[in-house]
Structure formats: structure tokens, C-alpha cells
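Chain by chain, the residues run as shown.
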Amino acid sequence: VLLDAATGRVLFEQNAHEKLPPASVTKVMTILLIMEEIDSGRLSYEDTVTVSAYAASMGGSQVYLEPGEQMSVRDMLKCIAVVSANDCAVAMAEHLCGSEAAFVDQMNCRAGELGMMDTHFVNCTGLDDDENAKEHRTSAHDIALMSRELMNRFPEIREYTTTWQDTIVHNTRKGQTTFGLTNTNKLVKWYEGATGLKTGSTGKALYCLSGTAERDGLHLIAVVMAAPDFKVRFQETMKLLDYGFANYSAEKGLPKGEKMGQI
């Protein structure tokens, strides 16, 4: 799918409503709910989150949090957006709702409000290595919807989604250690005007990406799912974005050269 972020107009689509495992692109919704809590005043960037043993046990992409370790919401959010940290995603889910399951209920409720009719979440990470995860599905169309909501309502998230490299500090019983972060989204380095957003990959989902970019006031969202390898994921996303920038303008999202009226 290729979507105009301002108008919501679909500029290109292919198998857009096919229900597929999204891997860590799931975390677009996780980030959206965190940002909405901050916006409401119920959560602050400076709040302290304590890591449970369950959150620390997450596999896949992680920053290796330890049970009982404490970290600010700001750093948790940075880790989720930049390196797709599963341990931070679950820690935030538990902090906000008491359990990951309760947080997932909110994710599904929000998906319904956004019109994401192809979507059912079973976790906040996109990990799909257990039996229950067979039901964890969404579509390119729905990913574009939640990506649009996040980028339009909370442009400040670009501070993290455009970060190429950064560090965090672990505060554990053994003392402080520094941990390096490098963005999983290569568009940040490879593509002019890239604003985000989220990668994902598992053996079942293959390679997925919600890629966002802005040029001359036109903000586009390109979603690719089930690419056979990580290079194709980025290549196909860049092709979609190139097509959008070559053929459309920011004014009402109309194709370049199309008459808009007469004054």
C-alpha cells in the first residue's frame, strides 16, 4: 500500500487486505497507545518503569533488560522505536495496563476505532513463535491506517523514528552500563526525507516495513509485507515512495498536472 498521510488517499495497492503476520510492525500500535497516554497526561516521559521477569524474558529484538531494572518511559519508547525492543514493549504494556493481555485488549479496541477490520492482535510485540500467535494478523492497509494516525497526531515521534544511532544506560544491581542502539530501519540513512517508521521480521512473517517519508510538504506511507529478504523489503518500499513523489503533490493529494479548478 502507498498512502497519502494528509488525506488518507490510497495511491497504490496490491493485496492490501490480505491478513498476514506483521512481526514487529505490530509495535506501531504499541507506540501509538503509549503516545496517547503521554498526550492525556496520565503518563510522563520521565516516569519510571520497573521491568518484570516476564518482560525481561522476551526473545528476539531486545535491549537485554534485567528483572527489577528501572528505566524511564522516554528511554523505553526510544528502544521500541529505534531497535524494536520486545522487552521494553512488554514492560510498557504492563506498566500501563497491569498485564500484556489487558494492553492487547486496548490495542484491539483502538484498531476497531481506526477501522482496521483486517486486524487481530494477540501480543504487543509481533513475536509469533507460539500457538496463540497464529491469530496475530493484520494487513498492509491496516498498518497504513495506524501508521497514519501515529505520524499525524504525534509528529514528535520522529525524534526517535529518524534516530540512526544512540545509547541508553542500564541501571542494574551490578551498576550502570551503556548499551548502543542502531535503527533497524535503513531508510533513515538510505532515503531522502525518511521520517520512519517500523520494521519487522520473523520466520513466518518474513520481512515487513512501514516506511514513511516527506518531501515538499507531501508525507507518504508505504507498507510492504512478506518480502523474501530484508533488501527487497527496503527496495520495494523505496519504489513505492519514489512513485508517490514523482506523480503526486501535496495540494489535495492530486496527481501532478491534474486540473484542480479555475479561479
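This is a predicted model, so every value here is computed, not measured.

*Asks:* Would you mind showing me how to read the packing of helix α3 (residues 73-83) against helix α4 (residues 86-97) here?
*Replies:* In helix packing, the relevant descriptors are the interaxial angle and the interaxial distance, both defined with respect to the helix axes. Contact pair α3 / α4: the axes reach a minimum separation of 8 Å and the direction vectors enclose 135°. In terms of orientation, α3 lies oblique with respect to α4. In the packing of α3 onto α4, the handedness of the crossing is left-handed. Along the contact surface, α3 presents V73, M76, C79 and I80, while α4 presents C88, A89, A91 and M92. Here the residues of the contact of α3 with α4 sort into 8 nonpolar, no polar and no charged.

*Asks:* What am I meant to see in the environment of G98 here?
*Replies:* Relative to the helices and strands, G98 resides in the loop between α4 and α5 (100-113). Classification of G98 as exposed rests on a relative accessible area of 62%. Along the chain, G98 and E69 lie 29 residues apart, while their C-alpha atoms are 17 Å from each other.

*Asks:* So what exactly am I meant to see when it comes to the pattern of salt bridges here?
*Replies:* Scanning all chains against the criterion turns up 13 salt bridges. Across the salt bridge formed by E46 and R74, the nearest N and O atoms sit 2.6 Å from each other. With E46 in the loop between α1 (27-40) and β3 (48-50) and R74 in helix α3, the pair connects residues that are 28 residues apart, well separated along the chain. The salt bridge partner of E113 is R110, with a shortest N-O separation of 3.1 Å. Residue E113 and its partner R110 are both found in helix α5; the two are separated by 3 residues, about one turn of the helix. Look at E113 and you get exposed, because its relative accessible area is 54%. Relative accessible area serves as the criterion here: at 12%, R110 is assigned to the buried category. Salt bridges sharing common partners tie together E36, D39, R110, E113, E149 and R153.

*Asks:* Would you mind going over the side chain of T26 with me for this structure?
*Replies:* Structurally, T26 is set in the loop between β2 (10-12) and α1. Only 2.8 Å separates the side chain of T26 from the side chain of H136, close enough to count as a polar contact. In this view, T26 contacts M107, F121, N123, C124, T125, G126, H136 and M146; residues no more than four positions away in its chain are not counted.

*Asks:* Could you clarify how one ought to interpret the side chain of T195 in this entry?
*Replies:* Looking at the secondary structure, you find T195 in strand β7 (residues 194-202). In this structure T195 comes out as buried when scored by relative accessible area, which is 4%. Polar contacts involving the side chain of T195 include one to the side chain of T212, which spans 2.7 Å. Ignoring anything within four residues of it in the chain, the contact list for T195 reads M151, R158, T161, T162, T212, A213, E214 and H219.

*Asks:* I'm lost on α1 in this one. Help?
*Replies:* Each turn of an α-helix holds 3.6 residues, which means side chains three or four residues apart point in the same direction. Relative to the 20 Å expected for 14 residues at 1.5 Å per residue, α1 spans 20 Å between its end C-alpha atoms, a close match to the ideal helical length. Of all 14 residues that make up α1, 12 are buried, and the element is covered over most of its length. Buried within α1 are the following residues: K27, V28, M29, T30, I31, L32, L33, I34, M35, E36, E37 and I38. Elements in contact with the buried residues of α1: α3, α4, α5, α6 (140-153) and β7. One or two residues past the end of α1 sits G41, with phi positive at roughly 90°.

Conventions and cut-offs
- Residues numbered from 1 in each chain as written.
- Predicted model: local features only at pLDDT ≥ 70, side-chain atom pairs only at ≥ 80, totals over all residues.
- Heavy atoms only, no water.
- Axes fitted to C-alpha atoms, helices over the stretch in contact; angles between N-to-C directions.
- Helix = DSSP H or I, 4+ residues; strand = E, 2+ residues; numbered from the N terminus.
- Parallel < 35°, antiparallel > 145°, perpendicular 65-115°, else oblique.
- Left-handed = near helix turned anticlockwise from the far one by under 90°.
- Contact = heavy atoms within 4.5 Å.
- Nonpolar A, V, L, I, M, F, W, Y, C, P; charged D, E, K, R; others polar.
- Buried < 20%, exposed > 50% of the residue type's maximum accessible area, 1.4 Å probe, protein only.
- Salt bridge = Lys/Arg side-chain N within 4 Å of Asp/Glu carboxyl O.
- Polar contact = N/O pair within 3.5 Å; in protein donor to acceptor, adjacent residues only side chain to side chain.
- Expected span 1.5 Å × (residues − 1).

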